[in-house]
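# Structural overview
Listed below, chain by chain, are the residues.
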Amino acid sequence: MDTTLPAASRAGLGAMIAIEARRFARHPLFVLGALAAWIITAVVGTSGDQVTDMLAWPIIPAFFIGLPSLVVAASLTRSTEVAAEAMGTVPGTEARRTLAVGGAALVPLAAGLVWLVETLVIAAVRGAHPNELWFGTMDDLHVWSLLLGLGPVACLGGALLGVLVGRWLRFRGAAAVVIVALVALDILAQFGTMGEDIVANHASDDLSVRLRLWVPWALWHSGSVDGRSAVAGGDPFWYLLYLLALCALALGGAVWHDRSARSARLRFSLSGLIAVAACLLALAVFAGPEAGTVSGRVTATSQG
Amino acid sequence: MRLWYLHRAVPWTPLVGCLLGALAMSALTHRWPAAAGLGMPCVALLCAAAAGLVHDEPAAAVAAVTPRAGWAAGSRSSTALLPLVVSLGLLVTLPARLHPDRGGMALVGTATVLIALGAATLAAAEQRPRPGGAVAAGVILLGLSPLPVGALLDVPELFPLGTFPDGLRTFWIVTAAVGLAACLVPVLRPSRVRRRTAPARRPARRRPGR
């Protein structure tokens, strides 16, 4: 009986993606993370007199779906090599197996999209305050870009980073160390650029605030400070495209691990992607609105 | 013999790597005390992740039926003293200007290491090969989860820099006790482990004519 999948056909890759997607969706860590994200969002959305700081909510799926997806994807990626080490019989090449797990990253993306629908439903049911930084008080494209980029795309990016980690870092606990490094880098690189200062300075057009955008998950929303909040300068739409370019780079970098796949075409694609990512980052930093947006007072206590 | 075994069996490279990461986060906290809100949990959790790695055994099912299985697990658990000492050392010596509650910090360091070690011990007793990666990731994700939730909801801090409230102290004491109990399960109930490792009995074959 033939136990391998066809190596060259597109159908074979589709079948492999479907298998890996099922394994991804059934992984307990992913399931628990997704449930936590949806439940916490529901609690946040139903607590208090009114919903506030909705553009800060994407931190929930990014943490509870994106980071567990990193661990799951790294684990799945490494597991595809077990058969190769033991028997030398595996479906397809290493690059195809990498692409299969990368395709399974659509599962956390879907979970992130479910979170987005939940958020929009909460906003529609409970209604946003007239001064809330949301649709109507901001450019709709920017709001969509922030919600998609910091939520579902962060979930996708976490999984693809996990594929990269699974291919390149073989030591035990690598995913855990990468999580700490990622969180520390992300927070410390933006240290002092956001928070109370940005509201007090009326979302200043300081270049250092916009230069924080190189990180894979940038803070945009300041959170409420004395009933007011701010969205920092920079262009969320270009930032969303920059994040998508980083996702593609992570997958390309993972495929690059397979020496037999290092063709001139892949090298050219990766070089092009790096250039595109750099251009998109430059556009996010310099092409968007220099100063951010500061809301009016939102909380009921402050209105009085 | 035990030292030779530990030298060969424990994954020292990732374990020391986690401890070096904790050291780096501690240095960062000393350099920028304003970052202590992130640095302090990372120190505790990285040391706990290191403790979670000590029971990694690639051939768990094979090792479980060898005569060394009993003392091997105990020897591996004793290795967790290293991350425990490092965790306590780094947490208790936080900069004085942060006004840390040193007793509370010692409790956090002990509890996080014990709970990670307990989870790894239980997984190893169930003959799961290399549970360390999952334990490390689980401990770190659980430990960091109050950070994003705290940004949106009024939830109590797990790693406060100032005085530890009584409720939080109780929480960490219970966590440490649960971790310790999990570490002791294979010692107190070895029969459970033995049952899993014993080969399935084959039905006795009847001889013809009887």
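Residues numbered from 1 in each chain as written. Chains lettered and ligands numbered in written order. Predicted model: local features only at pLDDT ≥ 70, side-chain atom pairs only at ≥ 80, totals over all residues.

Counting its secondary structure elements, chain B contains 11 helices and zero strands. From first element to last, N terminus to C terminus, chain B shows the α and β order α-α-α-α-α-α-α-α-α-α-α. By the burial criterion, 45% of the 210 residues in chain B qualify as buried. Excluding contacts between residues fewer than 6 apart, the proportion of contacts in chain B whose partners are at least 24 apart in sequence is 78%. (Helix = DSSP H or I, 4+ residues; strand = E, 2+ residues; numbered from the N terminus. Buried ≥ 20, exposed ≤ 12 C-beta atoms within 10 Å, placed from the backbone. Contact = placed C-beta atoms within 7 Å.)

Attention now goes to the overall build of chain A. Broken down by element type, chain A carries 14 helices and two strands. Among the 304 residues that make up chain A, the fraction classed as buried is 46%. Put simply, of all contacts in chain A between residues at least 6 apart along the chain, 85% involve residues at least 24 apart.

Another aspect to go through is the interface of chain A and chain B. Listed by partner, the interface residues are 27 residues for chain A and 29 residues for chain B. Among the secondary structure elements, those contributing two or more residues to the side of chain A that touches chain B are α2 (28-46), α3 (59-79) and α9 (174-189) of chain A. Considering each element in turn, the side of chain A that touches chain B owes the most residues, nine residues, to α9(A). A per-class count over the side of chain A that touches chain B returns 22 nonpolar, three polar and two charged. (Nonpolar A, V, L, I, M, F, W, Y, C, P; charged D, E, K, R; others polar.)

All of the buried residues along helix α7 (residues 140-150) of chain A are A:His142, A:Ser145, A:Leu146, A:Leu147, A:Leu148, A:Gly149 and A:Leu150. Where α7(A) is buried, its residues meet α3, α6 (106-126), α8 (152-168) and α12 (236-255) of chain A.

To describe two helices that pack against each other, one gives the angle between their axes and the distance between the axes. Residue and element names in this part refer to chain A. The interhelical angle for the contact between helix α5 (residues 94-104) and α12, taken along N-to-C directions, is 155°, at an axis separation of 9 Å. Judged by the angle between their axes, α5 and α12 are roughly antiparallel. Seen from above, α5 lies across α12 with right-handed handedness. Judged by residue contacts, Ala95, Thr98, Leu99 and Gly102 of α5 engage Leu251, Ala254 and Val255 from α12. Of the residues contributing to the contact of α5 with α12, the split by class is five nonpolar, two polar and no charged. (Axes fitted to C-alpha atoms, helices over the stretch in contact; angles between N-to-C directions. Parallel < 35°, antiparallel > 145°, perpendicular 65-115°, else oblique. Left-handed = near helix turned anticlockwise from the far one by under 90°.)

Next up on the list: unusual backbone geometry. Positive phi, close to 55°, is recorded for A:Asp53, a residue that is not glycine. Mapped onto the secondary structure, A:Asp53 falls in the loop between α2 and α3.

Residues and elements named next belong to chain B. One can find Ala106 in helix α7 (residues 102-125). With 15 C-beta atoms packed within 10 Å, Ala106 lands in the partly exposed category. When neighbours within four sequence positions are excluded, Ala106 is seen to be in contact with Leu88, Leu91 and Val92.

A word on the nonpolar core. Within the largest apolar cluster, 146 residues are counted, with the highest numbers of intra-cluster contacts made by A:Leu70, A:Ile179, B:Leu46, B:Cys47, B:Ala49, B:Ala116 and B:Ile140. With 14 residues, α7(B) is the single largest residue contributor to this core. (Core = buried A, V, L, I, M, F, W, Y, C linked by C-beta atoms within 7 Å.)

Turning next to the confidence of the model for chain B. All names here are of chain B. Mean pLDDT for chain B: 84, with 84% of residues reaching 70 or above. For chain B, helix α11 (residues 190-197) is the element with the lowest average pLDDT, namely 54, and helix α6 (residues 81-92) is the one with the highest, namely 94. We note a pTM of 0.87 for the whole complex and an ipTM of 0.85 for its interfaces. (pLDDT = per-residue confidence, 0-100.)

For the rest of this paragraph, the subject is helix α13 (residues 264-286) of chain A. All names here are of chain A. Here α13 spans 33 Å end to end across 23 residues, near enough to the 33 Å set by a 1.5 Å rise per residue. What α13 keeps buried is the set Leu280, Leu281, Ala284 and Val285. Where α13 is buried, its residues contact α11 (207-210) and α12. (Expected span 1.5 Å × (residues − 1).)

Now for the environment of A:Leu109. All names here are of chain A. Along the polypeptide, Leu109 turns up in helix α6. Spatially, the C-alpha atom of Leu109 lies 12 Å from that of Cys247, the residues being 138 residues apart in sequence. With near-sequence residues (within four places) excluded, Leu109 lies in contact with Pro152, Cys155 and Leu156.

Per-chain confidence: chain A averages 86 in pLDDT, with 85% of residues scoring 70 or above. Residue range residues 1-6 of chain A is modelled with pLDDT below 50. Its contacts to residues more than four positions away, or to other chains, number nine contacts.

Residue and element names in this part refer to chain B. By the element assignment, Leu91 lies in helix α6. Sequence-wise, Leu91 and Gly104 are 13 residues apart; in three dimensions their C-alpha atoms are separated by 9.5 Å. The residues contacting Leu91, other than those within four sequence positions of it, are Met40, Val43, Ala44, Met105, Ala106, Val108 and Gly109.

A separate point is the packing of α9(A) against helix α8 (residues 132-144) of chain B. Closest axis-to-axis distance for the α9(A)/α8(B) pair is 8 Å, and the angle between their directions is 25°. Judged by the inter-axis angle, α9(A) sits roughly parallel to α8(B). Across the interface between the two elements, A:Ala175, A:Ala176, A:Ile179, A:Val180 and A:Val183 from α9(A) touch B:Gly133, B:Ala136, B:Ala137, B:Ile140, B:Leu141 and B:Leu144 from α8(B). Residue classes in the contact of α9(A) with α8(B) are distributed as 10 nonpolar, one polar and no charged.

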